[in-house]
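# Architecture at a glance
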Amino acid sequence: MRMLKRPGFIASIVLILIYLVIGIAGQEGHLLSIIGNAMDTMMYIGWALALAVIMSYAGYVSFGHAVFVGIGAWMTAVTIESIMPSHPFTISMFIVALLLGAGVAALVAYAVGWVVLRLRGAYFAIATIGLDYVVLYLAIYTLSRAGISPPLLFRNLSLTVQSFYWMHFTVFVITLLVVYYIKASRFGFGLAAIREDEEAAEVMGVDTFKYKLMAFTLSALIAGMWGVPLAFRHAKFDPQDVFSLLNSVIMIVENTVGGLGTFLGPIVGAYIYYGLYWSLLTKIAQASFVVLGPLIVIIIALVPEGLVGWLREKFPRLRKALE
Amino acid sequence: MVVTAAELARGFIEGLLYGSLLGAISVGLTLIWGVMKVVNLAHGHLIVLAAMFTANFYVLYKVALLNPMGAIITMGILGVVMGALLYYTSVHPIIGHVDVITLKHEMATLMATFGFGLTLFGLHYALAAWTSWYSTEPGISWSFGHPPYVMIGSTITIVKTKILVGIISFVIAFALFALVRLTNLGLMIQAVTQDSRALALVGIDPVRIKLLTTIISVAFAMSTGPLYLAWAGSVTPLKESIIAPLAFVIVVAGGLGSIMGSYVAGLILGLTYELVVATTQEVSIALVVTFLILLLILALKPTGLFGYLDDRLASALRRRRGVAE
Amino acid sequence: MAGEILRGENLVKRFGGLVAVNEVSFEVKKGEIFGIIGPNGAGKTTLFNMISGVYKPDEGRIIYEGRDITNLKPHERARLGIARTHQVVKPFPGLTVLENIAVGALFGPRYGKISEDEALEIAREVASFVGLGDKIELPAAALNVQEKKRLELARALAAEPRLLLLDEVLAGLTPAEIDSMLGLLKKVRDEKGVTIMMVEHVMHAVMNIAERIMVLHFGRKIAEGPPEEIANNPDVIAVYLGDPSLALKFVKRRGGAS
Ligand SMILES: Nc1ncnc2c1ncn2[C@@H]1O[C@H](COP(=O)(O)OP(=O)(O)OP(=O)(O)O)[C@@H](O)[C@H]1O
Ligand SMILES: [Mg+2]
């Protein structure tokens, strides 16, 4: 298959190998600090690619996408505290959480998608914000009915940094391969057509509604998976934290900065975001928005196609390489 | 759990007052979104900015913004500056000279105003980090009279501040309605949506009108910041994530572009919220209900419920003044 | 002549109080070129929108290849072999010319039967067929209007449709370009047996290429028949004389023919 020789796939494999090496080398004590950064970047790439499926590929900006990460974290809490309440940690616990987190996120997206995907533009964006809040307050309500005031701290599972790393790595590999396949397949072609002109796409034979629903569901499924390593790593389920609109903001920023409609854009965007975030990190992380905010405004006003899109336009010869 | 009639009655009255505030918070948004098709995601941040500044400067210089009216006017004036800033950074570069606003433009202004709002959000933390006096969690208490509350019957007490907030909110919402529907300036603002080329022909610069619309929207939004502060007693930058979504719910429910429609939708939402709180004693479930209402309205009637209100009211008022239509 | 491919029965479409298409019935035969003319606002595009499924008719039925397709969605009709171009071009601006055309091939009647690579291969051929061979790597947004019209046609052709709906593909072209486009269309019909319905303002062009013509006026069908008959139909002449510019074109064509 030609798909496997294309730059996006090669880039995915290279990324996977790099993070594999970091994971193995990170067993040595003095490299432990890198492990933390590597986990963060994997997660930010994962978030960016999850949203990319619906925002960057299909053109529907979901402003409440944190809801699916939150559902993943919630289901992890359910797995640890309710489904396997006295088990010591095993791989199967991670797998159950992953299936449950991704599955419930996908189900919610599928059900809600029937309604919200009939909306466009700002209406869709606002509906997704509404969804985020419904689930957030439902989570808080559920916890309070169980007599817990958030956050819900998990029992001690005695996990090491390495085990967190391999959880992130697992989800990272799945994300890259699934999203690349979506982008490069006929499905990705159809989504691109929807993004560019939905009516024309429908008339040309793209089952636009089904495709949008599939894209939204898959996008939620991946975001849901990312809630699982997050929850394990922080050993808690804090609704205000995981459902925070700021998480949606990060995903949107990554996609915008990197460039819509490409596979590499969100990945590049994730690194840029993470780099800026770290270099700007003041006493208070939120202060970094003083720089990120104007950055978004400038990009939208001057280079709306994002960094990768801009490179593609500026250097047509790179079009093929920067897919 | 038994809910007493007194609690319900109190929920009802506070709901109307709170709804009035929510309505006032939303009217600026329905103007800029309805007229200019700019989905201003900085709206909530601008209101929070006004509330934060009011609280912080109140603490710093006790006199300057001592009374609510002074704060409302000061923030309205600051809103003029912020509106111009918002227009020239996040709106003009994208739709300044555009006649027909497509979905792509709409999404672009949405993203740009989102970036603008994020900047304001970060500003509070930056100010707090770099100065010694700026607080990201300022509190303030404005209370009036002795006693500072009103008794209704023998058990229901309503704080006077809340009553005042409810009344001033109505005045603000109605003032914007009058400005947009009953003045010549308002007619020009509305014309810009219909046909900006026709405007240009009669010698009115559409860009000027767009700038003005943005300024009016932001000035009215920011003038409600002190009201929110007075109601809640404290504010943090994170409150934006409650204010903005509520404003969006209200604007959609009220019928995009309809000022009094938004106000009425605000009343209903405030009422629903306070009544659910009064019956369940659970804030979280009240918020679940609020946002479920949003999803329902978007699903069933995305064109809103009260879009006709402005037209009806405007023609009724004009008739009373004896102006031929 | 072979049997019918498309039949409209009493089609009605209203927009508020306006009846854009009013009880129009017609029949298109397999392999023919069927012209539709009429003044501005006559309902021609609305009729196409009903055939391609963008609008659902308020009344009436559409029968395609013997099957009632009135309630099918646009993409389902596309898969059955109905392709169209738009009067106001609708390219996918951010995709390259090649990708634009490949969408047509991938999602048309061959949906599921060909791979992306095959679709791109077909797109390459179709691009050179319509004269866009040297533009395939450009984003569609970079094309001029004339090239965008060709792109519309290419996208439709790449689907290998059995019924092709062309909405004013000749408008805005120079006489030389019109000739080359007409040649192209004839080739499509003769070589691939595609049935073509074309809406045109450029009267003499339709008169030259179409076997039969239907005339719409204020949503109603006022005439139908071979070009010579239409050209001499008093009702049609009356309608077109109402519009001086169209009348001029009409007279020119009659003068040229006699
Ligand atoms: N979506 C719509 N909503 C309301 N009215 C419409 C809509 N589409 C078409 N119309 C109206 O229906 C009538 C027929 O329009 P249509 O576009 O079918 O005409 P046409 O014959 O294609 O004209 P033209 O030669 O100008 O392309 C016109 O009066 C038009 O204004
Ligand atoms: Mg037409």
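Cut-offs applied
- Residues numbered from 1 in each chain as written.
- Chains lettered and ligands numbered in written order.
- Predicted model: local features only at pLDDT ≥ 70, side-chain atom pairs only at ≥ 80, totals over all residues.
- Heavy atoms only, no water.
- Helix = DSSP H or I, 4+ residues; strand = E, 2+ residues; numbered from the N terminus.
- Rg over C-alpha atoms; globule rule 2.2 N^0.38 Å.
- Buried < 20%, exposed > 50% of the residue type's maximum accessible area, 1.4 Å probe, protein only.
- Areas by Shrake-Rupley, 256 points an atom, 1.4 Å probe, with all protein chains shown as cover.
- Lys, Arg positive; Asp, Glu negative; His and termini not counted.
- Charge placed at Lys NZ, Arg CZ, Asp CG, Glu CD.
- Contact = heavy atoms within 4.5 Å.
- Buried area = accessible area lost by both parts, 1.4 Å probe.
- Salt bridge = Lys/Arg side-chain N within 4 Å of Asp/Glu carboxyl O.
- Near = heavy atom within 4 Å.
- Polar contact = N/O pair within 3.5 Å; in protein donor to acceptor, adjacent residues only side chain to side chain.
- Nonpolar A, V, L, I, M, F, W, Y, C, P; charged D, E, K, R; others polar.
- Axes fitted to C-alpha atoms, helices over the stretch in contact; angles between N-to-C directions.
- Parallel < 35°, antiparallel > 145°, perpendicular 65-115°, else oblique.
- Left-handed = near helix turned anticlockwise from the far one by under 90°.
- Pairing = 2+ DSSP bridges.
- Donors = N, O, S within 2.8 Å, 3.2 Å for Na, K, Ca; no water.
- pLDDT = per-residue confidence, 0-100.
- Expected span 1.5 Å × (residues − 1).
- Core = buried A, V, L, I, M, F, W, Y, C linked by side-chain atoms within 4.5 Å.
- Domains from an automatic or database assignment.
- Phe/Tyr/Trp six-rings, centres within 6.5 Å; stacked < 30°, edge-to-face > 60°.
- Lys NZ or Arg CZ within 6 Å of the ring centre and 35° of its normal.

## Concerning the overall build of chain A
- Along the backbone of chain A there are 14 helices and two strands.
- Against the compact-globule benchmark of 20 Å for 323 residues, chain A has a radius of gyration of 19 Å, which places it among compact chains.
- In terms of its C-alpha atoms, chain A occupies a principal-axis envelope of roughly 55 × 45 × 45 Å.
- Looking at the 323 residues of chain A, the share that counts as buried comes to 60%.
- A total of about 11,900 Å² of accessible surface is found on chain A, and carbon and sulfur atoms cover 69% of it.
- If the 20 positive side-chain charges of chain A are averaged to one point and the 16 negative ones to another, these points end up 6 Å apart.

## A few points about the interface of chain C and chain A
- On the chain A side, the residues contacting the 30 residues of chain C number 24 residues.
- Taking both partners together, chain C and chain A bury about 2,300 Å²; carbon and sulfur atoms supply 63% of that area.
- Broken down residue by residue, the surface that chain C buries against chain A is led by C:His75, C:Phe92 and C:Phe107, which jointly contribute 25%.
- Inspection of the region where chain C meets chain A yields one salt bridge.

## Things to note about the site of ligand 1
Residues and elements named next belong to chain C.
- Around ligand 1 there are 14 residues in total, and Gly-41, Lys-44, Thr-45, Thr-46 and Gln-87 lie nearest to it.
- At a separation of 3.1 Å, an oxygen atom of ligand 1 approaches a polar backbone atom of Ala-42.
- Contacts to ligand 1 include Lys-44, whose side-chain N or O atom sits 2.8 Å from an oxygen atom.
- Starting from 640 Å² of accessible surface for ligand 1 in isolation, the protein chains cover 65%.
- Within the residue set of the shell around ligand 1, elements represented by two or more residues are strand E2 (18–29) and helix H1 (44–52).
- No other element matches the three residues that H1 contributes to the shell around ligand 1.
- Grouping the amino acids of the shell around ligand 1 by side-chain chemistry returns five nonpolar, seven polar and two charged.

## Observations regarding the packing of helix H2 (residues 43–60) of chain B against helix H4 (residues 103–130) of chain B
All names here are of chain B.
- At a closest axis distance of 9 Å, the pairing of H2 and H4 adopts a crossing angle of 25 degrees. Considered as vectors, H2 and H4 are oriented roughly parallel to each other. At the point where H2 passes H4, the crossing takes the left-handed sense. Residues His-45, Leu-46, Val-48, Leu-49, Met-52 and Phe-53 of H2 pack against Phe-116, Gly-117, Leu-118, Leu-120, Phe-121, Leu-123, His-124 and Leu-127 of H4.
- The class makeup of the residues in the contact of H2 with H4 is eleven nonpolar, three polar and no charged.

## Remarks on the sheet that holds strand E5 (residues 67–68) of chain C
Residues and elements named next belong to chain C.
- Reading across from one edge, E2-E1-E4-E5 is the order of the four strands in this open sheet, with antiparallel pairing throughout. The sheet is open, and its two edges are formed by E2 and E5, each paired on a single side.
- Note: strand E4 (residues 59–64) against E5, two bridges, orientation antiparallel. Following the sheet pairing, Ile-63 is matched in E5 by Asp-68.
- Sitting on the sheet, H1 touches strand E1 (4–15), E2 and E4, and the angle it makes with E1 is about 120 degrees.

## Here's the deal with the coordination of the magnesium ion (ligand 2)
Residues and elements named next belong to chain C.
- With distances of 1.9 to 2.1 Å, the protein atoms coordinating the magnesium ion (ligand 2) are Thr-45 (OG1) and Gln-87 (OE1). Highlighted residues: Thr-45 in helix H1 and Gln-87 in the loop between strand E6 (82–84) and helix H3 (97–107), separated in sequence by 42 residues.
- Of the residues examined, Thr-45 reaches a relative accessible area of 26% and is grouped as partly exposed.
- Looking at Gln-87, the relative accessible area reads 33%, which means it is partly exposed.

## Here's the deal with the confidence of the model for chain A
- Taken over all residues, the pLDDT of chain A has a mean of 90, while the share at 70 or more is 97%.
- Ranking the helices and strands of chain A by mean pLDDT puts helix H9 (residues 208–234) of chain A first, with 97, and helix H14 (residues 306–314) of chain A last, with 84.

## Some details on the pattern of salt bridges
Residues and elements named next belong to chain C.
- Taken as a whole and judged by the stated rule, the model has 25 salt bridges over all chains.
- For Glu-152, the salt bridge goes to Arg-155, with nearest N and O atoms at 3.1 Å. Here Arg-155 and Glu-152 lie together in helix H5 (residues 145–158), a separation of three residues that amounts to about one turn.
- Overall, the relative accessible area of 2% leaves Glu-152 in the buried class.

## Side note on the sheet that holds strand E3 (residues 33–37) of chain C
All names here are of chain C.
- Spatially, E6-E7-E8-E3-E9-E10 is the arrangement adopted by the six strands of the open sheet, whose pairing is mixed. Every other strand in the sheet has two partners, leaving E6 and strand E10 (220–225) as the edge strands with one partner each. For this sheet, the mean inter-axis angle between neighbouring strands, taken without regard to orientation, is 15 degrees.
- Bridging between strand E9 (residues 212–217) and E10 involves five bridges; their strand directions are antiparallel.

## Re the arrangement of the chains
- Most contacts, among the two pairs of chains that meet, fall between chains A and B.
- The two units chain B and chain C remain apart, with a minimum C-alpha distance of 12 Å.

## With respect to the interface of chain A and chain B
- Residue-level contacts link 40 residues of chain A with 44 residues of chain B.
- Of all residues in chain A, A:Tyr123, A:Ile126 and A:Tyr137 bury the most surface against chain B, accounting for 18% of the area lost on that side.
- Here chain A and chain B share zero salt bridges between them.
- Between chain A and chain B we count two residue pairs in polar contact (both at pLDDT 80 or more) in total.
- Of all the secondary structure elements, the ones that give two or more residues to the side of chain A that touches chain B are helix H4 (91–116), helix H5 (121–145), helix H7 (186–196), helix H11 (245–258) and helix H13 (289–302) of chain A.

## As for H4(B)
- With 28 residues, H4(B) should reach 40 Å at 1.5 Å per residue; the first-to-last C-alpha distance of 40 Å fits that figure.
- Burial of H4(B) is extensive: 21 of the 28 residues sit out of reach of the surface.

## Some remarks on the nonpolar core
- Ranked by internal contacts, the top residues of the largest apolar core, which has 291 residues, are A:Phe63, A:Phe68, A:Phe232, A:Phe237, A:Phe243 and C:Leu170.
- The dominant element in this core, judged by the number of residues it contributes, is helix H2 (residues 32–57) of chain A, at 17 residues.
- Each of domain 1 (4–81 + 162–257) and domain 2 (91–160) of chain C accounts for three or more of the residues forming this core.

## A look at the side chain of B:His124
All names here are of chain B.
- Within the secondary structure layout, His-124 lies in helix H4.
- By relative accessible area, His-124 is classed as buried at 1%.
- Non-local contacts of His-124, meaning those with residues more than four positions away in its chain, are made with Val-48, Leu-49, Met-52, Tyr-134, Thr-136 and Pro-237.

## As for the packing of aromatic side chains
- In this structure the tally under the stated criterion is 39 aromatic pairs over all chains.
- Judged by centre distance (5.0 Å) and plane angle (65 degrees), the ring pair of A:Tyr19 and A:Phe172 falls under edge-to-face. Of this pair, A:Tyr19 sits in helix H1 (residues 7–25) while A:Phe172 sits in helix H6 (residues 161–184); the two residues are 153 residues apart in sequence, bridging distant segments of the chain.
- Pairing B:Phe170 with B:Phe174 gives two aromatic rings, centres 5.9 Å apart and planes at 25 degrees, and the pair type is stacked. On the criterion of helical spacing, the pair formed by B:Phe170 and B:Phe174 is a turn pair, its members being four residues apart in helix H5 (residues 160–182).
- Since its relative accessible area comes to 29%, B:Phe174 is described here as partly exposed.
- Cluster of aromatic residues (ring-pair linked, three or more members): A:Tyr44, A:Trp47, A:Tyr273 and A:Tyr274.
- A cation sits over an aromatic face here: A:Lys183 above A:Tyr57, 5.6 Å from the ring centre.
- Geometry around B:Trp231 places B:Lys162 over its ring, the cationic atom sitting 4.7 Å from the centre.

## Considering unusual backbone geometry
- In this structure, A:Pro151 follows A:Pro150 across a cis peptide bond, with omega equal to 0 degrees.
- Tracing the backbone shows A:Pro151 in the loop between H5 and strand E1 (152–153).
- Backbone geometry at C:Glu168 places phi at a positive 55 degrees, although glycine is not the residue there.
- Of note, C:Glu168 is situated in the loop between strand E7 (163–167) and helix H6 (175–192).

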